[in-house]
Amino acid sequence: MDLKILEFLTVNDHYITVEANNNHLNDDAAKELAQLLLNNGGDISHLNVNQQIHYHRILQPLLEFVSCEGLQGMVKTYNGEIQSSCSTSSIIYNEDLLFNYHDDNLLCQICRYDSHKFSIA
Ligand SMILES: [Zn+2]
């Protein structure tokens, strides 16, 4: 677990709120859990069942295998599903993740390259 990303998420906890709402789980419990994990160095071996659910469904998806949202962000498809506008449905590499969070733009390397290309043009 990348504690730097976890620390960012405890400070910028709207990411946790959104993820909790998407999963119909309690965001306060998830934020408390994030703080607990930050304090214990990311040790998930002693979580109770409820904490495990909050970890696996809310915190883990924010800490690893984060999907690129694409240059247009999340878009609605013709059948009403919310989908990433990323053309390659890529995952953001963990080493790039903190930068992406700071930038408030969750983009894979391909989309980030494209965004620079467009902003220069
Ligand atoms: Zn992308």
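Shown above is the structure to which this text applies.
Residues numbered from 1 in each chain as written. Predicted model: local features only at pLDDT ≥ 70, side-chain atom pairs only at ≥ 80, totals over all residues.

**Quick word on the packing of helix α2 (residues 14-22) against helix α4 (residues 49-63)**
Inclusion rule: Note on geometry: axes are lines fitted to C-alpha atoms, helical ones only across the stretch in contact, with angles between N-to-C directions running from 0 to 180 degrees. Each helix is a run of H or I in the DSSP string that is no shorter than four residues. Each strand is a run of E no shorter than two, and both are numbered from the N terminus. We call two directions roughly parallel when the angle between them is under 35 degrees, roughly antiparallel when it is over 145, roughly perpendicular when it lies between 65 and 115, and oblique otherwise. Crossings are assigned a handedness: left-handed for a near helix turned anticlockwise from the far helix by less than a right angle, right-handed for a clockwise turn. Note on contacts: each residue gets a C-beta atom placed from the backbone, and two residues are in contact if those atoms are within 7 Å. Under this grouping Gly is polar, as are all residues other than the nonpolar Ala, Val, Leu, Ile, Met, Phe, Trp, Tyr, Cys and Pro and the charged Asp, Glu, Lys and Arg.
Where α2 meets α4, the closest approach of the two axes is 9 Å, and the angle between their N-to-C directions is 130 degrees. With respect to α4, the axis of α2 lies oblique. The chirality of how α2 crosses α4 is right-handed. The segment α2 lies against α4, with Y15, I16, E19 and A20 engaging I58, P61 and L62. Broken down by class, the residue content of the contact of α2 with α4 amounts to six nonpolar, no polar and one charged.

**Quick word on the environment of L63**
With respect to the helices and strands, the residue L63 is situated in helix α4. Separated by 42 residues in sequence, L63 and N21 place their C-alpha atoms 17 Å apart. When sequence neighbours within four positions are dropped, the list of residues in contact with L63 reads M1, D2, I5 and L6.

**Describing the nonpolar core**
Applicable threshold: Residues of type Ala, Val, Leu, Ile, Met, Phe, Trp, Tyr and Cys that are buried and joined through C-beta atoms within 7 Å form what is called a nonpolar core. Three exposure classes are used. Buried residues have 20 or more other C-beta atoms within 10 Å of their own C-beta, exposed residues have 12 or fewer, and partly exposed residues fall in between, all C-beta atoms being placed from the backbone. All domain edges in this entry derive from an automatic or database-based domain assignment.
Counting residues in hydrophobic clusters, the biggest one holds 22 residues, and the most contacted among them are I16, A30, A34, L59, L62 and C68. At the level of secondary structure, the elements contributing two or more residues to this core comprise α2, α3 (27-39) and α4. In terms of residue count, α4 provides more of this core than any other element does, five residues in total. Counting residues domain by domain, this core receives three or more from each of domain 1 (3-63) and domain 2 (74-120).

**Re α4**
An α-helical turn contains 3.6 residues, so any two residues separated by three or four positions project in the same direction. Note the following rule: By this rule, a helix spans an expected 1.5 Å times one less than how many residues it contains. We define the bend at each residue as the angle formed by axes fitted to the 7 residues ending at it and the 7 residues starting at it.
With 15 residues, α4 extends 20 Å between its outermost C-alpha atoms, agreeing within 8% with the 21 Å of an ideal straight helix rising 1.5 Å per residue. The largest bend in α4 is about 40 degrees, located at Y55. Within α4 the residues assigned to the buried category are H54, Y55, I58, L59, L62 and L63. The secondary structure elements touched by the buried residues of α4 are α1 (3-11), α2 and α3.

These results come straight from atomic positions and should not be treated as a statement about function.
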